[in-house]
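# Structural overview
Each chain, letter by letter, is given below.
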Amino acid sequence: MCSGRKAYWGSLELHIHPNAPAVVRALAPNEPVILNRPRAAARAARFFAEKFPGKSLYAVKANPSPDLLIELWHAGITHFDTASIAEVRLVRETLGQDAVLCFMHPVKPMAAIAEAYHIHGVRTFSLDTHEELEKIVEATRDADGRAAEDLSLCVRLRVSSEYSEITLASKFGIDLADAAPLLQATRQVADCLGICFHVGSQAMTPFAYVQALERVRAAIVDAAVTVDIIDVGGGFPSIYPGMEPPPLEDYFASIHRAAESLPVSYSSELWCEPGRALSAEYSSLIVQVEKRRGNELYINEGAYGALYDAAHVGWRFPVSRVGEEDQGSGQMAEFAFYGPTCDDADFMEGPFLLPADIKAGDYIEVGMLGAYGVAMRTRFNGFGEGLVVDVIDEPMASQYLGNRRDPRHSDNVVSLR
Ligand SMILES: *Cc1c(COP(=O)(O)O)cnc(C)c1O
């Protein structure tokens, strides 16, 4: 299909619908349809911009959709955590020169560092080895070979991810025992020195950050350096079936308290890098049941698309049969899904709770796919492919309503449906 035409098509105002049932009535789609909720993304962005006790960087890898980047930008997110030169270019092209880009992957090709610094104005980089520090110093020299004097360098510390649903503990970060020499060497060349970490994704308790900040304290004391930036990374949770985290205010309060008690609190800035929390509520997906076999449903999306995490890490996304969002009366049953490919790996165990009489031809809305969901799909299939529409109803769950209940099932919230 012609992607230019589709991009245009997708941005037409014509394609704003009230909700999933209206989309099904209008399109009777035989392929999956992405539903975007710009207002939910903007609400999340305002929440972080106003309530996090420091600066919030959006971690672009959770969902690099340009429409989402623009939405977050207009709602107050001015800093972006990019993990590759492709993301650096994308954010620069999408948001222009005023967006502040930070290149926070601790292992970067030299050419990527040079392009980011000299062409895209990136000044903030992360690292977790002496080799990476050397690469950054070399790649950012000017034409006369003079070292850059405007670098903000964040040393990534390895922390525990025992409180997170998706762990990243072993991949990146320098051990506390080895951190002091790297912090001291980085201090020598950096205009601003930061310490960053990542507790893993979907951290289910604020204690994850408190514990990590204790390790930051030890690193600062060991190295006896002044630190200008404390970056607590991503990991802020969203709401999924069986995963109801405490309110984000609790996370912010715990982080604030722990950071205030660090020896550098008077001189340092606090940063965070939410990906999931800023994007999860942005998108859902309408899929169609193509066949039913007992309690297994064959649907037209799967492990090689937006439901990557449902297949590969057994993530349980919320589901509802389209047209029956006010569930509760009919009998429900637990289902597993098969995706559209012939691959054995294209299986999603769930369980996904749906009406017991669901059948081939029915449509299912899969919610909370804005983070690590539809982005997987568009990345594999090329941007702009597939049907994408905007809807104005509430996401299936929200961290940002104050009531923490599904607005569709709640009697004290006026539903937009
Ligand atoms: C992936 C990532 C994030 C975002 O993580 P979430 O769990 O989506 O909030 C933030 N920082 C770094 C360094 C990352 O790799």
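Structure's up top.
Residues numbered from 1 in each chain as written. Predicted model: local features only at pLDDT ≥ 70, side-chain atom pairs only at ≥ 80, totals over all residues. Heavy atoms only, no water.

## Focus: the overall build of the protein
Defined as follows: Strands here mean DSSP runs of E at least two residues long; helices mean DSSP runs of H or I at least four residues long; both are numbered from the N terminus. Working definition: with a 1.4 Å probe on protein chains only, accessible area under 20% of the residue-type maximum means buried, over 50% means exposed, and in between means partly exposed. For this analysis, residues touch if any pair of their heavy atoms sits within 4.5 Å. Areas reported here follow the Shrake-Rupley algorithm with a probe of radius 1.4 Å; residue values treat only the protein chains shown as occluding.
Summing up its helical and strand segments, the protein has 13 helices and 19 strands in all. Taking all 417 residues of the protein together, 55% fall into the buried category. Intrachain contacts of the protein at a sequence separation of at least 6 include 73% that bridge at least 24 residues. For the protein, the exposed surface amounts to about 17,300 Å²; the carbon and sulfur share of it is 52%.

## Remarks on the site of the ligand
Operational definition: Being near a molecule or strand, for a residue, means having at least one of its heavy atoms within 4 Å of it. Side-chain atoms alone can form a polar contact between residues adjacent in sequence; in general such a contact is a pair of N or O atoms within 3.5 Å, and within protein one must be able to donate a hydrogen while the other accepts it. Residue type decides the class: Asp, Glu, Lys and Arg count as charged, Ala, Val, Leu, Ile, Met, Phe, Trp, Tyr, Cys and Pro as nonpolar, and the leftover types, Gly among them, as polar.
Taken together, 13 residues sit near the ligand, with K61, S201, E273, R276 and Y372 positioned nearest. The separation between an oxygen atom of the ligand and a polar main-chain atom of G235 is 2.8 Å. Protein contacts shield 91% of the accessible area of the ligand, which totals 390 Å² for the unbound molecule. A per-class count over the shell around the ligand returns 3 nonpolar, 5 polar and 5 charged.

## Brief notes about the packing of helix α9 (residues 207-223) against helix α10 (residues 248-260)
Applicable threshold: A fitted line through C-alpha atoms represents every axis, and for helices the fit uses only the stretch in contact; the resulting angles, taken between N-to-C directions, go from 0 to 180 degrees. Under this scheme an angle from 65 to 115 degrees is roughly perpendicular, one under 35 degrees roughly parallel, and one over 145 degrees roughly antiparallel; angles in between are oblique. Definitions for this section: a left-handed crossing has its near helix turned counterclockwise from the far helix by less than a right angle. A right-handed crossing has that turn clockwise.
The geometry of α9 relative to α10 is characterised by a closest axis approach of 9 Å and an angle of 15° between their N-to-C directions. In terms of orientation, α9 lies roughly parallel with respect to α10. As for how α9 packs across α10, the hand of that crossing is right-handed. Residues Y209, V210 and L213 of α9 pack against Y251, S254, I255, A258 and A259 of α10.

## Some details on the packing of helix α6 (residues 110-118) against helix α7 (residues 130-139)
In the contact formed by α6 and α7, the axes pass within 9 Å of each other and the chain directions differ by 45°. For the element pair α6 / α7, the angle class is oblique. Here α6 runs over α7; the crossing is right-handed. Of the residues in α7, those in contact with M110, I113, A114 and H118 of α6 are E132, K135, I136, E138 and A139. Residues of the contact of α6 with α7, tallied by class, amount to 5 nonpolar, 1 polar and 3 charged.

## Overview of the sheet that holds strand β4 (residues 79-82)
Heads up, the rule is: Should DSSP find at least two bridges between two strands, the strands are regarded as paired.
Spatial strand order, β3-β4-β5-β6-β7-β9-β11-β12: 8 strands in a closed barrel with parallel pairing. With direction set aside, neighbouring strand axes in the sheet form an average angle of 25°. Sheet topology places strand β7 (residues 152-156) next to strand β9 (residues 192-196); 5 bridges connect them, and they run parallel. Note that in β9 the partner of R156 across the bridge is C196.

## Quick notes on the environment of E394
Relative to the elements of secondary structure, E394 occurs in the segment after β19 (387-391). The exposure class of E394 is buried, given its relative accessible area of 18%. A polar side-chain atom of E394 sits 2.8 Å from a polar atom in the side chain of R43.

## Brief notes about the nonpolar core
As a reminder of what qualifies: By nonpolar core we mean a set of buried residues, namely Ala, Val, Leu, Ile, Met, Phe, Trp, Tyr and Cys, connected to one another through side-chain atoms within 4.5 Å. The source of the domain bounds is an automatic or database domain assignment.
The biggest cluster of nonpolar side chains holds 113 residues, and the ones touching the most others in it are F48, F236 and I364. At 8 residues, the largest contribution of residues to this core is made by α9. Three or more residues apiece are contributed to this core by two domains, here domain 1 (16-36 + 283-391) and domain 2 (38-279). Apart from the residues lying within four places of it in its own chain, the contact partners of F236 are F48, F52, Y209, L248, Y251, F252, I255, C272, P274, R276 and A277.

## Examining the side chain of E365
Relative to the helices and strands, E365 resides in strand β18 (residues 363-366). Side-chain polar atoms of E365 contact the side chain of S284, separated by 2.7 Å.

## With respect to the environment of A333
Along the chain, A333 turns up in strand β16 (residues 332-338). Here A333 falls in the buried class, since its relative accessible area comes to 18%. Counting along the chain gives 25 residues from A333 to I358, while the straight-line C-alpha distance between them is 9.3 Å.

## Topic: the packing of aromatic side chains
Filter applied, for reference: Ring pairs are drawn from Phe, Tyr and Trp, using the six-membered ring of Trp, whenever the two centres fall within 6.5 Å, and their geometry is named by plane angle: stacked under 30 degrees, edge-to-face over 60, tilted for the rest. Placement of a charge over a ring requires the Lys NZ or Arg CZ to be within 6 Å of the ring centre, with the centre-to-atom vector within 35 degrees of the ring normal.
Overall, the coordinates contain 18 aromatic pairs when judged by the stated rule. Their ring planes at 80° and their centres at 5.4 Å tell us that F48 and F236 sit as a pair that is edge-to-face. In this pair, F48 is assigned in helix α3 (residues 38-51) and F236 in the loop between β11 (229-231) and α10, connecting sequence segments 188 residues apart. Comparing F48 with F236 shows no difference in burial state: the two are buried. Put simply, the rings of F47, F48, F52, Y209, F236, Y251, F252 and Y400 touch in pairs and so form one group of aromatic residues. Between the NZ or CZ atom of K108 and the centre of the ring of F103, over which it lies, the distance is 5.9 Å.

## Regarding α3
For clarity, the cut-off: Expected helix span is computed as 1.5 Å times (number of residues minus one).
A rise of 1.5 Å per residue sets the reference length of α3, with its 14 residues, at 20 Å; its end C-alpha atoms lie 20 Å apart and thus fit the reference within 8%. For α3, the set of buried residues is P38, A40, A41, A42, R43, A44, A45, F47 and F48.

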